[in-house]
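Structural overview
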Amino acid sequence: FFKDVTEEVEKREQMQMLSLVADRANSGILITDGSGKIEYMNAGFEKLTGYKLAEVRGQKPGPILQGKDTDPQTIKTIRYHLDRQEPFYVEILNYHKNGIPYWVSLSIAPVFDTQGRVERFISVEADFTHTKQETVDFTKRLEAIERSMVTIEFKADGSFLSANKLIQDKFGGQEEMAKVARALWSKLS
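This section reports on the structure supplied with the text. All figures in this text were calculated on a predicted structure; none of them were measured in a lab.

1. Section: the overall build of the protein chain
Looking only at helices and strands, the protein chain has 8 helices and 7 strands in total. Looking at the protein chain as a whole, 27% of its 189 residues are labelled buried. Pairs at least 24 residues apart make up 33% of the contacts formed inside the protein chain by residues separated by at least 6 positions. Of the roughly 13,100 Å² that the protein chain leaves accessible, carbon and sulfur atoms contribute 56%.

2. Observations concerning unusual backbone geometry
Even without being glycine, Gln85 reaches a positive phi, approximately 55°. Along the chain, Gln85 turns up in the loop between α5 (72-83) and β3 (88-95). Of the residues examined, Gln85 reaches a relative accessible area of 37% and is grouped as partly exposed.

3. As for the packing of aromatic side chains
The geometry of an aromatic ring pair comes down to the distance between the two centres and the angle between the two planes. According to the stated counting rule, one finds 1 aromatic pair in the structure shown. For the cation-ring pair, Lys132 lies above Trp103, with the distance from its terminal atom to the ring centre recorded as 4.4 Å.

4. Brief notes about the pattern of salt bridges
Counted under the stated rule, the structure contains 8 salt bridges. Between Glu55 and Lys97 there is a salt bridge, and its shortest N-O distance comes to 2.6 Å. Of this pair, Glu55 sits in helix α3 (residues 53-56) while Lys97 is found in the loop between β3 and β4 (101-112), placing the two residues 42 residues apart along the sequence. A residue is classified by how much of its surface remains accessible, and Lys97, at 44% relative accessible area, is partly exposed.

5. Examining the side chain of Thr49
Following the sequence through the fold, Thr49 ends up in helix α2 (residues 43-49). Judged by relative accessible area, which is 0%, Thr49 ranks as buried.

6. Considerations on a nonpolar patch on the surface
A cluster of nonpolar residues, Phe138, Leu142, Ile145 and Met149, forms a patch on the protein surface that exposes about 380 Å² of accessible area. By the secondary structure assignment, Phe138 is in helix α6 (residues 129-148).

7. Quick word on the environment of Thr131
In this fold, Thr131 is placed in helix α6. With a relative accessible area of 47%, Thr131 lands in the partly exposed category. The spatial distance from the C-alpha of Thr131 to the C-alpha of Trp103 is 9.1 Å, given a sequence separation of 28 residues.

8. Describing the sheet that holds β4
What the 5 strands build is an open sheet, ordered β2-β1-β5-β4-β3; its pairing is antiparallel. Whereas interior strands pair on both sides, the edge strands pair on one side only; in this sheet they are β2 (38-41) and β3. Direction aside, the axes of adjacent strands within the sheet are offset by 30° on average. Bridging between β3 and β4 involves 8 bridges; their strand directions are antiparallel. Residue Tyr95 lies in a different strand from β4, and its bridge partner there is Pro101. On the sheet, α5 packs against β3, β4 and β5 (118-127) and is oriented at approximately 135° with respect to β3.

Reading the values: the criteria
- Residues numbered from 1 in each chain as written.
- Predicted model: local features only at pLDDT ≥ 70, side-chain atom pairs only at ≥ 80, totals over all residues.
- Heavy atoms only, no water.
- Helix = DSSP H or I, 4+ residues; strand = E, 2+ residues; numbered from the N terminus.
- Buried < 20%, exposed > 50% of the residue type's maximum accessible area, 1.4 Å probe, protein only.
- Contact = heavy atoms within 4.5 Å.
- Areas by Shrake-Rupley, 256 points an atom, 1.4 Å probe, with all protein chains shown as cover.
- Phe/Tyr/Trp six-rings, centres within 6.5 Å; stacked < 30°, edge-to-face > 60°.
- Lys NZ or Arg CZ within 6 Å of the ring centre and 35° of its normal.
- Salt bridge = Lys/Arg side-chain N within 4 Å of Asp/Glu carboxyl O.
- Patch = residues over 30% accessible without salt bridge, like charges linked within 9 Å, V, L, I, M, F, W, Y side chains within 5 Å.
- Pairing = 2+ DSSP bridges.
- Axes fitted to C-alpha atoms, helices over the stretch in contact; angles between N-to-C directions.

Here is the structure:
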């Protein structure tokens, strides 16, 4: 009695490779059932959130990870796509188990069974807190400059484009600003 086990060996090797990818990935990988309750998380997700699978199995991830500064519109966007059972990408502010906020890019895709029903959702989260913080800091610096310095924008042909509130308060509305800007541009060119 002989049996060709080549196909079974190949499937087992493929499963081992997939398991290796899921368990060793730096990104957080989360699998929920069709109703959104946590079934699996990889080590990357545990590191990112501080939670162990035993603590959160059977719960929905949103209430666990979202906090006071998580944007409600982002939560609505997530719900919208989940309800429509479609894959999507979003950026969201989540909270570590210890309360520290972090930003993730979140990609969620449904997995369908043979009858076309959602069987699971697979979520991949990548932490980009450092990059997001740099952007926030840069924006704050620009806003501080806007509040403390006069800024006027011109088009390439020298026509007035805009001015910040600081100079508008000094010289009046847009029409007055346009006159000031023309005079200034003529001295600069």
